Every structure is written in C-alpha cells, then in structure tokens.
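The chain contents come next:
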2 protein chains.
Amino acid sequence: MKPTIHHVAERAQVSKATVSRVLNRNPQVKDEIRERVLRVIEELGYHPSAIARNLATNKTNMIGLILPDITNPYFPVLARGIEDAAHRLGYALFISNTDNDPKLEREYIHKMVEQQVGGIVLISSTLDEQTVQDLASLRTPIVLCDRLIANTPFDAVLIDDYKAAYEAVSFLIGKGHKQVAHLAGPKNIQSAENRKLGYLHAMRDANLEPFVSVGSFTYESGVHQMGSVLEEYKPTALFASNDLLALGAIHEINLRGLRVPEDVAVIGCDDIPFSKMSRPLLSTISIPVYQIGVTAVQLLDDQMKGVRSGTKNMILEHKLIHRESCGGVENK
Amino acid sequence: MKPTIHHVAERAQVSKATVSRVLNRNPQVKDEIRERVLRVIEELGYHPSAIARNLATNKTNMIGLILPDITNPYFPVLARGIEDAAHRLGYALFISNTDNDPKLEREYIHKMVEQQVGGIVLISSTLDEQTVQDLASLRTPIVLCDRLIANTPFDAVLIDDYKAAYEAVSFLIGKGHKQVAHLAGPKNIQSAENRKLGYLHAMRDANLEPFVSVGSFTYESGVHQMGSVLEEYKPTALFASNDLLALGAIHEINLRGLRVPEDVAVIGCDDIPFSKMSRPLLSTISIPVYQIGVTAVQLLDDQMKGVRSGTKNMILEHKLIHRESCGGVENK
DNA sequence: CTGAAAGCGCTAACAC
DNA sequence: GTGTTAGCGCTTTCAG
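For chain A, an unreviewed UniProt entry supplies the name LacI family transcriptional regulator and the organism Cohnella abietis.

For the rest of this paragraph, the subject is a positive patch on the surface. Together, Arg259(A), Arg279(A), Arg259(B) and Arg279(B) make up a positively charged patch on the protein surface. Inspection of the secondary structure puts Arg279(B) in the loop between strand S9 (265-267) and strand S10 (284-286). The class of Arg279(B) is partly exposed, set by a relative accessible area of 35%.

So, about the interface of chain B and chain A. Interface extent is often summarised as the accessible area lost during association of the parts. The interface of chain B with chain A comprises 51 residues on the first partner and 52 residues on the second. For the chain B and chain A pair, buried surface summed over both sides reaches about 5000 Å², with 59% attributable to carbon and sulfur atoms. Among the residues chain B hides against chain A, the three largest losses belong to Ile51(B), Arg80(B) and Arg279(B). Together they make up 14% of the total. Close ionic contact of Asp99(B) with Arg80(A) constitutes a salt bridge, the shortest N to O distance being 2.9 Å. Summed over the shared surface of chain B and chain A, the number is 17 residue pairs in polar contact (both at pLDDT 80 or more). Taken together, the elements giving at least two residues each to the side of chain B that touches chain A come down to helix H4 (50-57), helix H5 (75-88), strand S2 (92-97), helix H6 (102-114) and helix H11 (243-255) of chain B. Per-element accounting of the side of chain B that touches chain A gives the leading share, six residues, to S2(B). Each residue belonging to the side of chain B that touches chain A can be placed in one class, and the counts come to 26 nonpolar, 15 polar and ten charged.

The next subject is the protein's contact with DNA strand D. As a matter of local geometry, DNA strand D sits amid 24 residues, with Thr18(A), Arg21(A), Ile33(A), Ile5(B) and Tyr46(B) nearest to it. Near the protein, meaning within 4 Å, the atoms of DNA strand D are sugar or phosphate in a fraction of 64%, with bases accounting for the rest. Within the contact set of DNA strand D, a phosphate oxygen lies 2.6 Å away from a side-chain nitrogen or oxygen of Thr18(A). Residue Ile5(B) places a main-chain N or O atom 2.2 Å away from a phosphate oxygen belonging to DNA strand D. Looking at the surface near DNA strand D, the elements that each hand over two or more residues are helix H2 (16-23) and helix H4 (50-57) of chain A together with helix H2 (16-23) and H4 of chain B.

Bringing helix H10 (residues 219-233) of chain B into the picture now. In an α-helix, one turn spans 3.6 residues; hence positions three or four apart end up facing the same way. All names here are of chain B. Here H10 is 15 residues long and its end C-alpha atoms lie 20 Å apart, about the 21 Å a rise of 1.5 Å per residue gives. Buried within H10 we find Tyr219, Ser221, Gly222, Gln225, Met226, Gly227, Val229, Leu230 and Tyr233. Positioned one or two residues after H10, Lys234 has a phi angle of 50°, which is positive.

What follows covers the relation of the copies chain B and chain A. Superposition record for chain B on chain A: RMSD 0.1 Å, screw rotation 180°, translation along axis 0.0 Å. The two molecules are tied by a two-fold rotation axis, judged by turn and shift. Minimal C-alpha distance to the rotation axis in chain B is attained by Phe94(B), lying at 2.2 Å. The fraction of interface residues of chain B whose copies in chain A are also interface residues reaches 98%, indicating that both copies meet through the same surface.

Moving on, we come to the protein's contact with DNA strand C. Every one of the 25 residues lining DNA strand C counts as a neighbour, but Ile5(A), Tyr46(A), Thr18(B), Arg21(B) and Ile33(B) are closest to it. The sugar and phosphate moieties of DNA strand C supply 66% of its atoms located within 4 Å of the protein. At 2.9 Å, a backbone N or O of Ser15(B) approaches a phosphate oxygen of DNA strand C. Taking Arg21(B), its side chain carries an N or O atom lying 2.4 Å from a base oxygen of DNA strand C. Residue assignment for the surface near DNA strand C shows that the elements contributing at least two residues are H2 and H4 of chain A together with H2 and H4 of chain B. Residues that form the surface near DNA strand C fall into these classes: twelve nonpolar, eight polar and five charged.

So, on to the pairing of strand S6 (residues 180-184) of chain A. Regular strands place their side chains on alternate faces of the sheet. Residues and elements named next belong to chain A. Taken across its five residues, S6 has five buried, putting it largely inside the fold. Burial along S6 is two-sided: Val180, His182 and Ala184 and Ala181 and Leu183, pointing in opposite directions, are all buried. By the bridge criterion, four bridges tie S6 to strand S8 (residues 237-240) in an arrangement that is parallel. The residue of S8 that forms the bridge with Leu183 is Ala240. With four bridges joining them, S6 and strand S7 (residues 211-214) adopt parallel strand pairing. If you follow His182 over to S7, its bridge partner there is Val212. The β-α-β motif built from S6, the intervening helix H9 (residues 190-205) and the parallel element S7 has right-handed crossover chirality.

Reading the values: the criteria
- Residues numbered from 1 in each chain as written.
- Chains lettered and ligands numbered in written order.
- Predicted model: local features only at pLDDT ≥ 70, side-chain atom pairs only at ≥ 80, totals over all residues.
- Heavy atoms only, no water.
- Patch = residues over 30% accessible without salt bridge, like charges linked within 9 Å, V, L, I, M, F, W, Y side chains within 5 Å.
- Areas by Shrake-Rupley, 256 points an atom, 1.4 Å probe, with all protein chains shown as cover.
- Salt bridge = Lys/Arg side-chain N within 4 Å of Asp/Glu carboxyl O.
- Lys, Arg positive; Asp, Glu negative; His and termini not counted.
- Charge placed at Lys NZ, Arg CZ, Asp CG, Glu CD.
- Helix = DSSP H or I, 4+ residues; strand = E, 2+ residues; numbered from the N terminus.
- Buried < 20%, exposed > 50% of the residue type's maximum accessible area, 1.4 Å probe, protein only.
- Contact = heavy atoms within 4.5 Å.
- Buried area = accessible area lost by both parts, 1.4 Å probe.
- Polar contact = N/O pair within 3.5 Å; in protein donor to acceptor, adjacent residues only side chain to side chain.
- Nonpolar A, V, L, I, M, F, W, Y, C, P; charged D, E, K, R; others polar.
- Near = heavy atom within 4 Å.
- Expected span 1.5 Å × (residues − 1).
- Least-squares fit on C-alpha atoms with pLDDT ≥ 70 in both.
- Pairing = 2+ DSSP bridges.
- Right-handed = clockwise from strand over helix to strand, strands pointing away.

Right, dumping it as structure tokens:
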C-alpha cells in the first residue's frame, strides 16, 4: 500500500494538517517539526496524491492536447512547444490522436473533461456546428490551433495562411514563372482552403491561368497528384499546400526525368524538419510552430486563471524560406 | 459551477447511489429510473469526475509516457503505438519530454506518480543506479522501451540491436565491400552501443579492419562525422547507427561529389518515415516501433492488473529493408 | 431495486 | 504554531 498523508502524520506524531502545511511550504511551521515531517516523508517514500489534492481544492494541474496525428511531421514540434509551455506553467499534459475523426474528437474531449483537465488545446479541422455547441457548453477553456471558428468563445492561434500563400506564389511569379500549379490540401481543412485562395488571388492579380489539384496532406498524395498536373498543365513552378505534398511532388517530377528547380521550381509550406534534409533543400513558408504551441498554452493559462474575458485570436508571423527547390540560390 | 452527481440525483429525485449505478451500467436499475437519470445527465451536461472516482476506487485510468524528444522522428510512431494501445485499454495518457536529462526524468516520473498514474512507459538512456533504485521503490509499474536494465523489476521491450547491426554489416560485406565504416550513436545509449558491437564483430568475423566514428543521433552529426570518415578511411560502404545519421552522411557524401550507392553504399537503422521519402531511398533496418509501443502498454497493463509476477523482456523482430541506398536495386 | 452512510487522500477554515 | 473538523465528488457496503 502506498503511504498516505495519514501515515506520515502518524509516524511524525503530528496532525494531517501539519503535514499538509509542510507539503504546501506554509512558512508557519516550526523548523524542527518541518524537518521531522520531511524526514518521515523521505523514509516512507511518500508522494502526495495529486488527485486527492485536486478534489479538495477543486482545481487541477492538468491540461489536454488533442491533435490529428503525432506521426504527421508537422505536429511533433507543435506538441513539443505545448508540452514545454505546459510544464513550465506547472501543468501535466494529456495527449490524444484523433486522425481527424469527429467521433473520436468528441470522445477524447469528453474523456479529458471527465479527467477534470483545466483546459484543452485542440487541433482539429473537422469541427461541425454540433460539436462546437457541445464544446461551448462544456465550461472548459479551449484554445484552437491552426484554425479559427468565428462567433465562438474559443481563442485561436494561427498564421495568416492566405497571405503566406499569396506571398509564395507572388515570389514564384516574380521570378518569371507563368505556369504555376497548386497542389491543394483537403477541402475540410481551413488552412488548406485559405492557402488555395491565396494562390488563386495571386494568380488572378497577375493575370495568370491557375491550375489546382486537390488531395490530402501526404507525401503519397503529392506523388500521385503531381503525375496528372505534369500531364495536364506543364507547370514551370509549383506551390504545394504543405511540405509533404511538395516533397512527394519533387519525387514524381524527378521520376519523369525533370529537374527541380531547373524544370520545375517548387515551394512548399510548413517548414517541417525534413525540408532541411531533402534534396534539393526545400524552399517553403516557415511557420513558427513551436511558438504557436507555446502561445496556445499561454492563452489557455490566461483563460483558466480568468485573467481575460472575451475571445482572443493570435496571428503569428510566417516567413518565406528560400532554399534550393525554387532556384536562384547557389547550391551551397 | 459544473454539475456534480449530487445535482443529478436531486433533479432526478433519486439518490446519489442510484446515479452512480446508472453511470456504471449496473443492470439492476429499473429502466424507467435509468432513463430519467440519463435524461437529467443530458440536460445538465453532466460529466462524472474521473478524479473523484479514482479517489473513491483507489485506482486510476491514467498512464504516463516519458520519452526523450517527440521531435526526433523515431519517436512519433512509437508514441502513437503507445497512445493507441492505451486508449484501447481505456487509459488516458500523460506525456513528457526529457531531452535525456536525468534530472528532468526523475522530476517527471515523480510528477506522474503524484498524478497517481497506474504505470509508466519509460524511454530513457540515462538511468543511473540511483534513479533505478528510486524507481524501484515507487511501487508504480514501469515498462522500458529500447533499453534493458538487468536485475530490476522493470519489464522491457526492444529489438536485438546487436544482431540487427551484425546482419546489416554482413549484408554489406556480402556485396563485396571491404571498407565498411560505422557511424555510431552516443556511448550512453544502450542500443547505439549494441549496434556498434554488432558492427565490430561482423567486421572481425570477416577479417576486415573496422572504422568507427562516434557522434550523436542527429542529421547534423551525420553530416559532420561523415566528413572525417571520408577523409580518413575511404569507405565503399557505411553502416549508420540510425537513419538520421545515414541521411546526414549521404548529404555529405554527395557534397563531396561522390554518389550513393555507386561510390558509397549506405545502410541505416530505424526505418523512420523519411527513409521512404529520401533520395536515394534509404536502405535500413526496420524496427517495429509501433508494435514496440503497443507491446509496452500491454505489458504495463498486465503488471497493473497483477496478471503477472516477475520481469518480462520482449525482443521484437527487426527486418533488413533493401532500398536504393545500398545498391543492387533497380531504381523504380 | 433503491437509499443511507462511510470513506478515498487531501485542503481549509476555525479553534486552541 | 498546531490540531479538529468538515467537506471535495464519487463508490460501496449494508439495509430495507
């Protein structure tokens, strides 16, 4: 049996209250007694039960992270930012993968609420109206990442996907490209849609004919989509909605005997770690993922502490990273 | 205020005990009453408090995962295996990154124990004698991944790193290579050491002169180490202790105007997702990471349920994956 | 089939 | 300074 505060109290010949005081660093305990208690705690290998404490204080030191898939290279850095910030603020972190399955999302959210988490960082693309209602009635603070839902009490932290895409495409156009294709992400993912819009508008503003191929946010999808793009459009440049797609596209381009960037310039989005390891090095839009995670937890913490009222949305800055895959850079 | 079982009971005009019964699907509740209670639960948006329940039953449905760094591409799949298995068994999962810092490891372990987790999956390379003692006295089930500690009560699940390395190197030697270098991982990581041993023995058994360069398990380290290996040893083949190292090495090899696999054949270890996206595709030792995670949780569950006594070590099967980077495979 | 009451390990007034 | 007491929200005998 694990020792409880009771055992410690008994053995140290003091009351549970006193043990509780030394546990909580209450200064008004005589040094002698404090030391005695501390010694007993050591001897017994006693660890206070956080759940009992939580129950008594009616507040917990746990928060939850719900994301699509930690296996997708975009997320580990985000998760790390969240985790680091959480621990810095004294929270333990629950984690759950949903694969973007709305049913699982709801299930995990409810599970976390039952665990009495103080708040949840939610990364989801598939929130339907009903789930949103559901969440809003939960009385549990929620912060969204990479996703904005208007008219809800949820804070959000994201980048300006539209602008990022517009800039990337304008950059390509500025280099003289007229045939710029776009590999888009799933329609139900807000950032994918916004990136597509940014692409479309940049093309329109330059009086160029757009060409969009829609797929999923995976390497395989990039390989696959690029095949038809190459056949139907003869692009000299490509803006992919994320790096995985870009990487897959490059693979397919090479397979067809074309070179990147000489024949087709490629630029992705996200700046996942692999982008710095691929050949050619991938040009991309760098997203401050780690910082997004940290910020999300800070917002959550504010909400939990009731520091703030009203919704808050944070737009973080992205950055165009010019590496090898879009040319004009000496092979270092 | 969040509704409690008390509110539900009151509103449904039954006792807390009855509400508890319907919560726990106790069949001996009259249908009529059950429905009434269920309806009230719905109306109130009531969610039972897991921590209160845990306190009452003295068992929890939480387990913890402590790993070095989710940002290292080896870990997400492992984490996913653990998470999936955990949820399947009804556990919520805590997660913490330690960066292999022994102090953080201890801190997080203790934090999780205080959270009353039922067990911990621990991925660590830096366990010193003292920490091991400490853990053993915790009365909390622990399962180790990728690491074995003899004479402890800890279960472990891993692969046979020695054998994996021996096979990889023998494979290279079998292809006629006589100058096979090794990029080793950190000395304090057990699997790195075992892989090095496997390499050494394979070379010795073939009467070949070994050449080892020790670094860390990173891409940058691969780039850096490969520089000197190329200058000092003129290898025709390379066995890298993990894929990141291999990928970095390939980068450096190419930078020096040499080709993979024509000039230097390369084989890595781990089979991280990026190995299937790199150019050339990386030959490697595939480790059943996902399965390691699943197995770890199963062992943990067994321990927690007291199903088993005594320590159990599981060695899972690795597999040599023959892709482009070691030659002899048509470029598909 | 349902209710009353005790208790899980801790904190937080309130006394002394 | 330290002890007493009453809960926190739930489960679990034990009655009825």
